[in-house]
Amino acid sequence: MSAEPAAVPSGDDPFEWIDEAREKRRRAGLVRTLTPRPADSPLLDLASNDYLGLARHPEVTRAAAAAAHRWGAGATGSRLVTGTTELHAGLEAELAEYCGFEAALVLSSGYAANLAAVTALTGRGSLVVSDAGNHASLIDGCRLSRARTAVVPHSDPEAVRKTLDAARAEPDHEGRAVVVSDSVFSVDGDAAPLAAYATACRAHGAALLVDDAHGLGVLGAGGRGALWDAGLAGDRDVVATMTLSKSLGSQGGAVLGPAKVIEHLVNTARTFIFDTGLAPAAAGGALAALQLLRREPERAGRARAVARTLHRRLTAAGLAAALPDAAVVSVRAPSPEQAVQWAADCRAAGLAVGCFRPPSVPDGISRLRLTARGDLTEQQMDEAVGAILSTAPTA
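As annotated in an unreviewed UniProt entry, the chain carries the name 8-amino-7-oxononanoate synthase and is attributed to Streptomyces olivaceiscleroticus. The UniProt entry for the chain carries this comment under Subunit (unreviewed entry): "Homodimer." UniProt lists a comment for the chain under the heading Cofactor (unreviewed entry), and it reads "pyridoxal 5'-phosphate".

Shown next as structure tokens:
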């Protein structure tokens, strides 16, 4: 007979520290919970990232279902083994052509795409210059890259230039440098000064890597993205990452850039090589959404117009909201606790909104985050504004 496992001594809980951490979060008003949503939620959705309202579009869902029926529920392996289908290749070609780049590589998520791009294009002895407002996936990519990372003030091209200048004099700097930034920052919805960043990069022979998660489908001609809008798409020193889970209503991520950069990622990016390929249904849905956007480019302008309308009406009523450069409308709350309560009260009034609070916000200011979906009607905007104003906390 095998011996009985030894009992854990009373009070010798290796996870006791979790209880203490949980209590600290509770006292700070930072407890997060999962709330499953039903398939037929009656709430007006301004919380998701479905900027163009394509996640439930019949063409997109039919294409996703057809892909699953034809190719199976999963990709069955990594992209380098069995996980690359004709759908993946078609999606990559369509993304690259539409957004103005030479080549594209599809990964299982936007998070994985950022990790792949940052880690594969940097390394020991190189320098990464990172905007202070960058998304967590870019930050984690910097941490994993083993490169020296310099975090510069938010949207400050002069700080980027000075950091690149200083790197030249350092004896352990091998010369390789990459500036990384979101195109549109997810907290306040403000756009990065991409043209100025590119100028600073080119004066120092550095590359520019931009996460265009919140620009694709919203900015640029027909929603071709922020880099297209800035006249930088397809340049030999520019690489873009993006997600398929926002404007395209599907799931997954992609890296776009010069063909030699994409080939390098195929051979070196660990989140590509060692991860199962994107599910065929997600690839098929994203491809259908992209083709729909090509036919109906006015959807991008509509999303921006809705964002400006929401901002104008909320600020006219006295709320503090950042001017949106794309489709994110950020409304400030007095405290983390009041932000959580405000979001809950909106939900009770029939409106789903996002709630950003520390540590998700770099400046410590809590906010409601609204997604200005391009398919919102005038009546739905009236309902959304009414719900937000009627539940707003007093300062």
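Caption draft 1: Just the packing of aromatic side chains, in detail. With the rule as written, the count across this model stands at zero aromatic pairs. We note Arg224 situated over the ring of Trp228; from NZ or CZ to the ring centre the distance is 5.1 Å.

Caption draft 2: Structural view of the pairing of strand β5 (residues 177-182). Along β5, six of the six residues are buried, which leaves the element largely enclosed by surrounding structure. Side chains of β5 alternate between two faces, with Ala177, Val179 and Ser181 and Val178, Val180 and Asp182 buried alike. For strand β3 (residues 127-131) and β5, the ladder comprises four bridges, and the chain directions are parallel. Across the sheet, Val128 pairs through a bridge with Val178, a residue of β5. Strand direction decides the pairing type here: β5 and strand β6 (residues 207-211), joined by five bridges, are parallel. Of the residues in β6, the one forming a bridge with Val180 is Leu209. Traced from β5 through helix α7 (residues 194-202) to β6, the parallel crossover comes out right-handed.

Caption draft 3: Molecular detail of empty space enclosed by the protein. Tallied over the full model, the rule gives one cavity of 30 Å³ or more. Around the largest cavity sit Arg79, Val106, Leu107, Ser108, Thr271, Phe272, Asp275, Thr276, Gly277 and Leu278, which together line it. Counting only elements with at least two residues in the lining of the largest cavity, the list comes to β2 (103-107) and α10 (270-273). When the residues that make up the lining of the largest cavity are grouped by side-chain class, the tally is four nonpolar, four polar and two charged.

Caption draft 4: Local environment of the nonpolar core. Counting residues in each nonpolar core, the largest one holds 88 residues, and the members touching the most others are Leu95, Leu208, Val331 and Leu351. Both domain 1 (58-295) and domain 2 (298-391) contribute no fewer than three residues apiece to this core. In this structure, Leu107, Ala112, Val118 and Leu121 belong to the second largest nonpolar core, which totals 25 residues.

Caption draft 5: Structural view of helix α4 (residues 110-121). The end-to-end C-alpha distance of α4, which contains twelve residues, comes to 17 Å, matching closely the 16 Å that a straight helix rising 1.5 Å per residue would cover. Most of α4 sits out of view: ten of its twelve residues are buried. All of the buried residues in α4 are Gly110, Ala112, Ala113, Asn114, Leu115, Ala116, Ala117, Val118, Ala120 and Leu121. At the N-terminal boundary of α4, the capping side chain belongs to Ser109, with an oxygen 3.4 Å from the backbone nitrogen of Tyr111. At the exit of α4 stands Gly123, carrying a positive phi of roughly 145 degrees.

Caption draft 6: Region of interest: the sheet that holds β6. Sheet architecture is open: seven strands sit in the order β2-β8-β7-β6-β5-β3-β4, paired in mixed fashion. Here the strands that pair on one side only, and so sit at the sheet edges, are β2 and β4 (148-152). Taking the axes of each pair of neighbouring strands and ignoring which way they run, one obtains an average angle of 20 degrees across the sheet. The pairing of β6 with strand β7 (residues 238-243) spans four bridges and is parallel. Each residue of the ladder has a partner; that of Leu208, found in β7, is Val238. Helix α3 (residues 86-99) contacts β2, β7 and β8 (253-257) of the sheet and is inclined by roughly 130 degrees relative to β2. Against the sheet, helix α9 (residues 259-268) makes contact with β2, β7 and β8, and its axis sits at roughly 30 degrees relative to β2, the strand it touches most.

What counts and how
Residues numbered from 1 in each chain as written. Predicted model: local features only at pLDDT ≥ 70, side-chain atom pairs only at ≥ 80, totals over all residues. Heavy atoms only, no water. UniProt positions renumbered as here; feature names shortened; annotations may be inferred. Phe/Tyr/Trp six-rings, centres within 6.5 Å; stacked < 30°, edge-to-face > 60°. Lys NZ or Arg CZ within 6 Å of the ring centre and 35° of its normal. Buried < 20%, exposed > 50% of the residue type's maximum accessible area, 1.4 Å probe, protein only. Helix = DSSP H or I, 4+ residues; strand = E, 2+ residues; numbered from the N terminus. Pairing = 2+ DSSP bridges. Right-handed = clockwise from strand over helix to strand, strands pointing away. 1 Å grid on protein atoms, 1.4 Å probe; cavity = no way out; pocket = protein on both sides within 12 Å on 5 of 7 lines; lining within 4 Å. Points joined across faces, edges and corners; volume = space filled by probe spheres on them. Nonpolar A, V, L, I, M, F, W, Y, C, P; charged D, E, K, R; others polar. Core = buried A, V, L, I, M, F, W, Y, C linked by side-chain atoms within 4.5 Å. Domains from an automatic or database assignment. Expected span 1.5 Å × (residues − 1). Polar contact = N/O pair within 3.5 Å; in protein donor to acceptor, adjacent residues only side chain to side chain. Axes fitted to C-alpha atoms, helices over the stretch in contact; angles between N-to-C directions. Contact = heavy atoms within 4.5 Å.

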